[in-house]
Amino acid sequence: MPQDFVPVTQSLSDIYAEAKCDAQKKRYQNLVESFKSIYGVEPEFIARSPGRVNIIGEHIDYAGFPVFPMAVDRDCLIAVSTTSSDTKVHVANVDGKKYPAREFDYDTECIVHIDASIHEWTNYFKSGYKGMLEKLQLKESPAGMNCLMDGSVPSGGGMSSSAAFVCTAAMATMKANKRNLEKSEIVQIAIESERYVGVNSGGMDQTASVMSRADSATFIEFEPEFRTIPVEFPSTEPAISFVVSNTLVTADKVVSAPVCYNLRVVETSVGAMLLAKELGLLDSNPKTYKEVMDIYFTKQDEPKFTSETEQWSYRLEKMLQLVEKYIVKREGYTESEMSHAVGLSDSEFKSKFMSKFPVRAELFQLYTRAVHVFTESLRVVRFRDICESRKSSVSDSKDTFTRLGQLMNESQESCRDNFNCSCPELDELTAISRKAGAYGSRLTGAGWGGCTVSLVSEDQVETFIKTVRKEYFQKRFPNITEDEMSDVIFASRPSSGAYFYTF
Ligand code: GLA
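Please read all numbers here as calculations on a predicted model, not as lab measurements.

1. Structural notes on the packing of aromatic side chains
Here is step 1: Taken as a whole, this structure holds 26 aromatic pairs when the rule is applied.
Here is step 2: With a centroid separation of 4.9 Å and an interplanar angle of 85°, the aromatic rings of Tyr472 and Phe473 are classed as edge-to-face. This pair shows no difference in class: Tyr472 is buried, exactly as Phe473 is.
Here is step 3: Feature note: the residues Tyr16, Tyr28, Tyr501 and Phe503 constitute an aromatic cluster, connected by ring pairs.
Here is step 4: Here the guanidinium or amino end of Lys175 rests over the ring plane of Phe500, the centre of that ring lying 5.1 Å away.
Here is step 5: Across from the ring centre of Phe219, 4.2 Å away, lies the NZ or CZ of Arg384, which sits over that ring.

Okay, here's the thing in structure tokens:
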């Protein structure tokens, strides 16, 4: 594999679509001016990593299954200057009112202390800083850094503002210390270090943020090997468009983690262990449903497959049958029922599943979560298959939209009913979107609020946005301004991944 480093550019047109360059130029100039007035020196470089919209494949990355996101042109910028005279790190934000400036010093013992119990914006910066320095193992003291951040990914909106921030901070720390790691290493660092803030996240967001390419979505595989495959959307006539709309219900993953995100991670990992036990696979110690599936099929006779999609479908459908058979308690499992079912003592169970991240529940829904994981994975491979096999046909665009849209709608249903990660506002906004002409509409990201993504034919985008504005936003938020509106509903194209901008 050729080495793949974060590209360095002096031209904004390498990063953004031509139509966006003027606005970005102003934004970059403003960042540089503010930097100079805060720190009294010029920045040496700007690190940049974007947010993402997940087109399909929700809550299956941490079960080891592929997902299908694309980067958006909303991103996190961190302008940096360095010094070798001390190791202090100053972190400020262009929105200093909302995000007050902080300062910390490098600590030889723990690098930097992060208090995950406090909800503090610079925790994300510290996570990326700490993760990168842990990896770099510098012999000398790390550089002192002046940093100024400008983020345009809406926070708590399901577009992975936090991953964009952690990735950018890790990149900024790397370059400030004159090192160069490959993109895939930066991704791994960002995945692991985001967990310092208390959420046991999967790897989709960081991968999409760093590795994405303009004009393609990214099919991300985690197991058996981490790899990313750029996939273009089918060339239809009219073109395909994705509209992102924010419910304006703020979903903070960190705050709700014990009863939402972290709980789902536990429910799916315990389910995987239960299935492994029932199938006699515990010796191989699989940790995710994908590992269970891979190990199970090494021991099975299978038909000859003519394509990867056929093999995926066969295996995933088979796994669904096994779930039906072995995850028997449809009403849910108590903690002690789970430990019994996986063959661990209560204290072993606690230390394996319940102690690393905060989790709270009376009953754990192993069955419905498993149904979601395997059906959602099927939808992802089918979605990719349609994209790849429909490259040149323009005559049947409507059929392509309908098929892709249907997969997105089914994903929303499963997120709502099996994974319980939707909320009334997401349900309403997706329903309004379908009525307004979307072929498919679903929540994107972790859910419980945040954004939806809708597949809309490009020639319909304007009418679609007008209708959704009227039916959702103006009804719920009659005082919303035009400016705010352009931030809560917008069409998005697949954009480029991480970059360094230099002067
Ligand atoms: C968050 C996590 C991701 C992924 C999604 C749900 O964005 O950070 O790893 O699990 O939720 O698909």
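2. Some remarks on the UniProt feature "domain: GHMP kinase C-terminal" (unreviewed entry) in the chain
Here is step 1: Listed under "domain: GHMP kinase C-terminal" (unreviewed entry) in the UniProt record, and renumbered for this structure, are residues 401-472.
Here is step 2: Taken end to end, residues 401-472 is 57% helix and 15% strand, and its first and last C-alpha atoms sit 24 Å apart.

3. Structural notes on the UniProt feature "domain: GHMP kinase N-terminal" (unreviewed entry) in the chain
Here is step 1: The feature "domain: GHMP kinase N-terminal" (unreviewed entry), as given by UniProt, occupies residues 123-212 in the numbering adopted here.
Here is step 2: Across residues 123-212, the secondary structure splits into 56% helix and 9% strand, with the terminal C-alpha atoms separated by 25 Å.

4. Some points on the side chain of Ser411
Here is step 1: Structurally, the position occupied by Ser411 is in helix H14 (residues 397-417).
Here is step 2: Look at Ser411 and you get buried, because its relative accessible area is 0%.
Here is step 3: Sequence-distant contacts of Ser411, defined by excluding residues within four places in its chain, comprise Ile56, Glu376, Arg379 and Arg442.

5. So, the sheet that holds strand E10 (residues 440-443)
Here is step 1: Reading across from one edge, E10-E11-E9-E12 is the order of the 4 strands in this open sheet, with antiparallel pairing throughout. Two strands close off the open sheet at either side, each with one partner strand: E10 and strand E12 (489-492). For this sheet, the mean inter-axis angle between neighbouring strands, taken without regard to orientation, is 25°.
Here is step 2: When strand E9 (residues 240-246) meets E12, the two strands line up antiparallel, connected through 4 bridges. For Phe242, the partnering residue across the bridge sits in E12 and is Ser492.

What counts, and where the lines are drawn
- Residues numbered from 1 in each chain as written.
- Predicted model: local features only at pLDDT ≥ 70, side-chain atom pairs only at ≥ 80, totals over all residues.
- Heavy atoms only, no water.
- Phe/Tyr/Trp six-rings, centres within 6.5 Å; stacked < 30°, edge-to-face > 60°.
- Buried < 20%, exposed > 50% of the residue type's maximum accessible area, 1.4 Å probe, protein only.
- Lys NZ or Arg CZ within 6 Å of the ring centre and 35° of its normal.
- UniProt positions renumbered as here; feature names shortened; annotations may be inferred.
- Helix = DSSP H or I, 4+ residues; strand = E, 2+ residues; numbered from the N terminus.
- Contact = heavy atoms within 4.5 Å.
- Pairing = 2+ DSSP bridges.
- Axes fitted to C-alpha atoms, helices over the stretch in contact; angles between N-to-C directions.

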